[in-house]
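Chain residues, written in single-letter form:
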Amino acid sequence: MIVWRDCSYLFDSSKTLVGIDPGGSGTIDGVKPGSSPVEARAVYGAPESTAKNADGTYSVLYQADSTAKTHYLIVYNGNPAAGATVIKIIYVCACSVPRKTVAKTQVSYVWPSTQDGWTIRQRSDDPCSAVSTGDDGVSSNFATRPDEFSCGIEADSLLVCRYDAGSVTCLVNYEMKDAVRFRSTGPAGRHFAVTAHPQPLRATLSNGQVCNWISHDQTQHYGGRNSWLWCGEFSADPVRALLLKSNGSYFDTSGTLWTAEYDVGTAAPTTVTVKSVVYAQ
C-alpha cells in the first residue's frame, strides 16, 4: 500500500475531489515539475484545452488514459505557447473538456397505439371501400410511407391510414390522440405516392410556440401565402402560423437546426428556429 503525504488536492465547483498532485513526483512518463511544455507535448501530444488562471499561471489539460478517462492537468508558471516557462504542478484528474453540443431539430414519428395513450375508436362502416378503384386521390399529404393513404369524406378527418390484415387504422387528431379502426379490404396490396414534404402534425418553435395542423385555412397571411400549421390558440387574433414555402415545405432543413417563417397576421414573417417536429410514422 502507498500512503501519499504532502499532496495537493483539486476540487471542482461542486466541491468534489477531481484531482491529486502526489507530492510533486511527476508522471510515470518522466514529465515532472520543472519540465518544459515541449517535453510534455512530446509525450502527451497536443493539449485538449488551455486556460489562463487569475495568478498568471496556465492550466493545460492532456489526456492520460482514454480508457480510464483520466487526464493530466498541468499548471505552468507562464504561457506554454510562448515556450519560456516550466511546469509548476501536475494533477492526475478525472476532469475533462466539456463537449460542445450541436443545436439540432428533433424529428420524431408517431402512429396510434393504445400503449401510448391513444384512443382508437371502432367504426362499423368502411369509409375506404372506394380505395380499390385505384383512385390516386387517396394519397395522404401526411404519409411518410408508400403503404399509407387517406380515404373517406372530409368530415371523417382520416388524415393518414394504414392497412393491416383486413383492418384499417387511421390517425384523426394528433393533439387529442384520437384514431379510428374498421374492417376493410379496399387498400390491400396498394401503394400510394409519398410527397417530398409531408405535412407535419406538430412543430415546436424556439420562441415557445407550439404549432398544430388545422384542417381549414381561410385567413389572410403575408403575401397571400397559405398555412395549415397554426401556432398557439387557433382562436387567437391575429392568427400566428408557419408559412408554407413554394416547394411545399414549412421548413428550411439545410442545417441541423431547422428554421421556419413565423407569421403574425399579415405582417412580414420572421425566421425562427424549430426545436422539434412530429410526423406520422
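Each remark here, short or long, concerns the structure printed above.
Residues numbered from 1 in each chain as written. Predicted model: local features only at pLDDT ≥ 70, side-chain atom pairs only at ≥ 80, totals over all residues. Heavy atoms only, no water.

1. Digging into the nonpolar core
Phase 1: Leu-205, Leu-242 and Phe-251 are the most contacted members of the largest nonpolar core, which totals 15 residues.
Phase 2: A total of four residues in this core trace back to one element, the largest contributor, which is strand β19 (residues 270-280).
Phase 3: When sequence neighbours within four positions are dropped, the list of residues in contact with Phe-251 reads Pro-200, Ala-203, Leu-229, Leu-242, Lys-245, Trp-258, Thr-259, Ala-260, Val-274, Val-277 and Tyr-279.
Phase 4: Ranked by size, the runner-up nonpolar core spans 14 residues in total, among them Trp-118, Ile-120, Ala-143 and Ala-179. (Core = buried A, V, L, I, M, F, W, Y, C linked by side-chain atoms within 4.5 Å. Buried < 20%, exposed > 50% of the residue type's maximum accessible area, 1.4 Å probe, protein only. Helix = DSSP H or I, 4+ residues; strand = E, 2+ residues; numbered from the N terminus. Contact = heavy atoms within 4.5 Å.)

2. So, the state of the cysteines
Phase 1: In total, this model carries three disulfides according to the counting rule given.
Phase 2: The disulfide that involves Cys-161 links it to Cys-170, with 2.1 Å between the sulfurs. With the S-S bond torsion at 110 degrees, the cross-link from Cys-161 to Cys-170 turns out right-handed. Cys-170 carries the same exposure label as Cys-161, and that label is buried.
Phase 3: What pairs with Cys-211 in a disulfide is Cys-231, and their sulfur atoms sit 2.0 Å apart. Between Cys-211 and Cys-231 the disulfide shows an S-S torsion of about 90 degrees. By sign, it is right-handed. (Disulfide = S-S within 2.5 Å.)

3. Topic: the environment of Ser-206
Phase 1: Considering the arrangement of structural elements, one finds Ser-206 in the loop between β13 (202-205) and β14 (210-213).
Phase 2: Using a relative accessible area of 43% as the deciding quantity, one classes Ser-206 as partly exposed.
Phase 3: Spatially, the C-alpha atom of Ser-206 lies 5.7 Å from that of Val-274, the residues being 68 residues apart in sequence.
Phase 4: With residues up to four places along the chain from it excluded, the contact list for Ser-206 reads Thr-273 and Lys-275.
Phase 5: For Ser-206, the side chain forms a polar contact with the side chain of Thr-273, separated by 2.6 Å. (Polar contact = N/O pair within 3.5 Å; in protein donor to acceptor, adjacent residues only side chain to side chain.)

4. Focus: the side chain of Ser-140
Phase 1: Looking at where Ser-140 falls in the secondary structure, it is placed in the loop between β8 (119-122) and β9 (148-149).
Phase 2: Given a relative accessible area of 4%, Ser-140 falls into the buried group.
Phase 3: A distance of 3.1 Å separates a polar side-chain atom of Ser-140 from the backbone nitrogen of Phe-142.
Phase 4: Excluding residues within four positions of it along the chain, Ser-140 makes contact with Phe-149, Ser-150, Leu-159 and Val-160.

5. Points about the pattern of salt bridges
Phase 1: Overall, the coordinates contain seven salt bridges when judged by the stated rule.
Phase 2: The salt bridge involving Asp-156 is made with Arg-123; its shortest N-O contact spans 3.1 Å. Of this pair, Asp-156 sits in the loop between β9 and β10 (160-164) while Arg-123 is found in the loop between β8 and β9, placing the two residues 33 residues apart along the sequence.
Phase 3: Here Arg-145 and Asp-147 are joined by a salt bridge, their closest N and O atoms 2.6 Å apart. (Salt bridge = Lys/Arg side-chain N within 4 Å of Asp/Glu carboxyl O.)

6. Remarks on helix α1 (residues 37-44)
Phase 1: Listed as buried for α1 are Pro-37, Ala-40 and Tyr-44. End-on view of α1: buried residues confined to an arc of 65 degrees, all on one side of the axis. Of the exposed residues in α1, the ones pointing more than 90 degrees away from its buried face are Val-38 and Ala-42.
Phase 2: On its buried face, α1 is in contact with β4 (58-65) and β5 (70-76).
Phase 3: Just past α1, the residue Gly-45 takes up positive phi, approximately 80 degrees. (Arc of directions from axis to C-beta.)

7. Re the sheet that holds β10
Phase 1: Spatial strand order, β8-β12-β11-β10-β9: five strands in an open sheet with mixed pairing. In this open sheet, the two edge strands, each paired with only one partner strand, are β8 and β9. (Pairing = 2+ DSSP bridges.)

8. Some thoughts on the packing of aromatic side chains
Phase 1: Under the criterion given, the structure shown has eight aromatic pairs.
Phase 2: With a centroid separation of 6.3 Å and an interplanar angle of 55 degrees, the aromatic rings of Trp-118 and Tyr-174 are classed as tilted. You can see Trp-118 sitting in the loop between β7 (106-110) and β8 and its partner Tyr-174 sitting in the loop between β11 (167-173) and β12 (178-183), a full 56 residues away along the chain.
Phase 3: Residue classification places Trp-118 among the buried positions, given a relative accessible area of 6%.
Phase 4: Note on Tyr-174: relative accessible area 18%, which makes it buried.
Phase 5: An aromatic cluster of three or more residues is present, and its members are Tyr-44, Tyr-62 and Tyr-72.
Phase 6: For Arg-162, the ring lying beneath its charged end belongs to Trp-111, and the centroid distance is 4.0 Å. (Phe/Tyr/Trp six-rings, centres within 6.5 Å; stacked < 30°, edge-to-face > 60°. Lys NZ or Arg CZ within 6 Å of the ring centre and 35° of its normal.)

9. What about the environment of Val-277?
Phase 1: Position of Val-277 among the secondary structure elements: in strand β19.
Phase 2: Beyond its immediate chain neighbours, meaning those up to four positions away, Val-277 contacts Thr-105, Gln-106, Val-107, Ser-108, Pro-200, Arg-202, Ala-203, Phe-251 and Trp-258.

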